[in-house]
Each structure stands twice: as C-alpha cells, then as structure tokens.
Amino acid sequence: MNAPASTRLHGRLAGKVAIVSGSTQGLGADIARGLVAAGASVTILGLDAPTGRAVADSLGDAACFIETDITDDAQIDRAIDVTLRRFGRLDFLVNNACTYADSGLASTREQWTHLLNVNLVSAAIFAQKAAPHLSRGGVIVNLGSTGGKFGAAGRALYPASKAALQQFTRNLAVTLAPDGIRAVTVSPAWTWSPSLEQLAHGSIDTADKVGEALHPLGRVGRGHEIAQVVAFLCSADASWITGVDIPVDGGFSILGPDQGVSPRDWFARLQPAD
C-alpha cells in the first residue's frame with residue numbers, strides 16, 4: 001500500500017520535464033516526487049519559497065523551485081521560460097494549485113472571483129501558455145476532485161471550480177489532439193494532506209477511521225498513490241488516454257447516498273438490539 005511510484009514506473013519518464021503548480025507541500029509535492037522517481041525533471045511552483053526550495057533540494061539536480069503566483073500571467077511566463085532554460089524542454093504540465101476557501105451560498109462576488117481565478121482560470125491560462133512549448137506526446141494533467149461530482153451542503157465555490165475544470169479538460173483534449181498532446185483530469189477523494197491533517201489533528205489513523213465509511217477500500221488516500229497515477233498518465237503507457245477523468249478515490253465515487261449498504265441492512269439498523 002505504501003510502495004513509492006518508483007517501484008513500477010522507474011525510468012519511464014527519463015529525459016522528460018514537468019511543471020507542477022502548487023507543489024511546495026502536500027499532494028503537489030508528492031506528485032513532484034513521483035515524477036522525479038519515474039525519471040522526469042520537475043519545476044516546483046508555489047508561493048512558499050522556503051518550503052519550495054526544501055522540496056526541490058531534496059530531489060537534487062532533477063528539480064528546481066520558482067516562486068510563482070499563478071494568477072499573474074507574467075509569472076506564468078517566467079516559470080515556463082526558466083524551465084526551458086534550465087531543462088531544455090517541456091513535456092508535462094500538472095495544474096495542481098488550488099484554494100479551498102468556500103463560504104458556500106454566503107460567498108461574496110469577490111470570493112467567487114478569487115477562487116475561480118486560482119482554481120480554474122489560472123489553470124486554463126497556464127495550459128494556454130504551456131501548450132506551444134509542449135513536445136509532441138506531451139500531457140496536461142488537471143487535478144480535479146470528487147468534490148466536483150457531487151453535492152455538498154455548505155459548499156459552492158470549490159466544487160464548481162472542479163466541475164468546470166473537468167469540462168475545460170475535455171475541450172482542451174480535443175483542441176490539442178492534432179498536436180499529439182493529451183489532457184486528462186485526476187480526481188482524488190479524501191487524501192492525506194495538510195488540510196486533512198489539520199482536521200484529523202495530525203493523526204492519519206483518525207483520518208482513516210473517519211474515511212472508512214466513505215471509501216470502499218476502507219481508508220483515505222496517500223499522496224504517493226495519486227502521484228503514481230499522474231506519472232502513469234504522463235507515460236507512453238497511457239498514450240491512448242485523453243479527455244477523461246481518472247478517479248483515484250478508493251471507490252468513493254461508486255457509492256450512492258446509501259453508502260453501498262442495501263435497504264435491508266439500513267432497516268435492520270432500526271431494530272432494537274437483543
């Protein structure tokens with residue numbers, strides 16, 4: 001369960017170069033590590049310079065960090081230019097950066113505009129600017145979420161952004177297909193990350209216990225499991241996959257409101273215990 005991506009994808013991305021936004025910590029950092037483990041060089045982007053440099057340093061010469069605000073077009077241009085100068089090419093773009101701030105129906109116009117700018121518009125602009133530089137066979141991976149597939153009380157902004165990102169990915173895939181470039185989304189369910197760590201007060205066992213009822217595989221995901229799938233989708237082994245969403249969610253998205261339990265079992269729970 002805890003095997004790193006390198007055990008099955010080692011060397012498959014040798015000579016390739018990726019940019020991963022929002023990769024100074026959490027899932028983004030795990031994806032960067034997984035791509036490097038598979039042989040790629042990676043540019044790590046984010047706003048937290050000390051943490052980003054530490055992640056890049058831990059990966060050696062295969063990684064560099066560029067402090068980048070993805071809502072600024074000039075900074076996106078700079079990230080691409082520095083990557084091309086440092087590594088000589090660009091093969092993969094992973095749009096992982098996002099904000100989770102969401103006040104649901106109470107959200108203001110400014111909150112809507114900010115979140116959609118970070119989660120959707122900036123990913124689209126990054127794809128637009130990166131596409132002319134991607135090699136034939138290149139891939140754009142947009143990080144979706146199960147949150148973009150189902151309703152949830154008290155939320156509106158984040159789910160809307162992730163649902164829109166899936167549609168953008170479909171359009172992007174058709175647009176870039178003649179250039180030999182693929183586009184996919186990867187949608188995790190609950191995955192161990194700084195946000196989940198905060199909710200679980202630092203205990204992954206607590207996160208697994210809470211997530212057990214919502215994921216048929218009985219726990220929350222691990223970042224390296226998402227990274228493994230991203231690395232696969234970037235590889236030639238996934239050369240016939242484009243325009244689709246890949247759920248990496250422990251079975252979360254196959255459950256209905258009944259949580260996979262039959263009506264007989266739900267009614268049995270109403271019976272008094274002997």
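Residues numbered from 1 in each chain as written. Predicted model: local features only at pLDDT ≥ 70, side-chain atom pairs only at ≥ 80, totals over all residues. Heavy atoms only, no water.

**Q** I keep staring at the pairing of strand 4 (residues 90–95) and nothing clicks. Help me out?
**A** In terms of residue burial, strand 4 counts as a mostly covered element, since six of its six residues are buried. Examined bridge by bridge, strand 4 and strand 5 (residues 134–143) share five bridges and lie parallel to one another. Following the sheet pairing, Val94 is matched in strand 5 by Val141. (Buried < 20%, exposed > 50% of the residue type's maximum accessible area, 1.4 Å probe, protein only. Helix = DSSP H or I, 4+ residues; strand = E, 2+ residues; numbered from the N terminus. Pairing = 2+ DSSP bridges.)

**Q** Help me out: how do you make sense of a nonpolar patch on the surface in this one?
**A** There is a patch of nonpolar side chains on the surface, built from Trp266, Phe267 and Leu270 and spanning about 360 Å² of accessible area. Among the structural elements, Trp266 can be located in helix 10 (residues 263–268). (Patch = residues over 30% accessible without salt bridge, like charges linked within 9 Å, V, L, I, M, F, W, Y side chains within 5 Å. Areas by Shrake-Rupley, 256 points an atom, 1.4 Å probe, with all protein chains shown as cover. Salt bridge = Lys/Arg side-chain N within 4 Å of Asp/Glu carboxyl O.)

**Q** I would appreciate a short explanation of the sheet that holds strand 2 (residues 41–46) in the present structure.
**A** Sheet strands pair via backbone hydrogen bonds, and the direction of the pair is either parallel or antiparallel. Taken in spatial order, the seven strands of this open sheet run 3-2-1-4-5-6-7, and their pairing is parallel. The open sheet has two edge strands, strand 3 (63–67) and strand 7 (245–248), and neither has a second partner. Here the strands of the sheet are splayed against their neighbours by 20° on average, with no regard to which way each runs. Across five bridges, strand 2 lies against strand 3 in parallel orientation. Considered in strand 3, the bridge of Leu45 is made with Ile66. Its contacts with the sheet place helix 4 (residues 73–87) against strand 1 (17–20), strand 2, strand 3 and strand 4, and it is angled at close to 160° to strand 3. (Axes fitted to C-alpha atoms, helices over the stretch in contact; angles between N-to-C directions. Contact = heavy atoms within 4.5 Å.)

**Q** Just checking my understanding: could you explain the environment of Val261 for this structure?
**A** One can find Val261 in the loop between strand 7 and helix 10. Measuring from C-alpha to C-alpha, the distance between Val261 and Val186 comes to 27 Å, with 75 residues separating the pair along the chain. If we ignore the near neighbours within four places in the chain, the residues touching Val261 are Trp266 and Arg269.

**Q** What's the story with helix 2 (residues 26–37) in this structure? I'm lost.
**A** An α-helix turns once every 3.6 residues. As a result, residues three or four positions apart point the same way. Between its first and last C-alpha, helix 2 extends 17 Å over 12 residues, near the 16 Å set by a 1.5 Å rise per residue. Those residues of helix 2 not exposed but buried are Leu27, Gly28, Ala29, Ile31, Ala32, Gly34, Leu35 and Val36. Residue Gly39 follows helix 2 closely and has a positive phi angle near 110°. (Expected span 1.5 Å × (residues − 1).)

**Q** Please clarify how the environment of Ala160 should be interpreted in this entry.
**A** Relative to the helices and strands, Ala160 resides in helix 6 (residues 157–176). Separated by 12 residues in sequence, Ala160 and Gly148 place their C-alpha atoms 6.2 Å apart.

**Q** How should I be thinking about the environment of Thr43 in this particular structure?
**A** The topology assignment puts Thr43 in strand 2. What makes Thr43 buried here is its relative accessible area of 0%. Sequence spacing of Thr43 and Leu13 is 30 residues, and the spatial spacing of their C-alpha atoms is 15 Å. Not counting chain neighbours up to four residues away, the residues in contact with Thr43 comprise Ala18, Ile19, Val20, Cys64, Ile66, Thr83 and Phe87.

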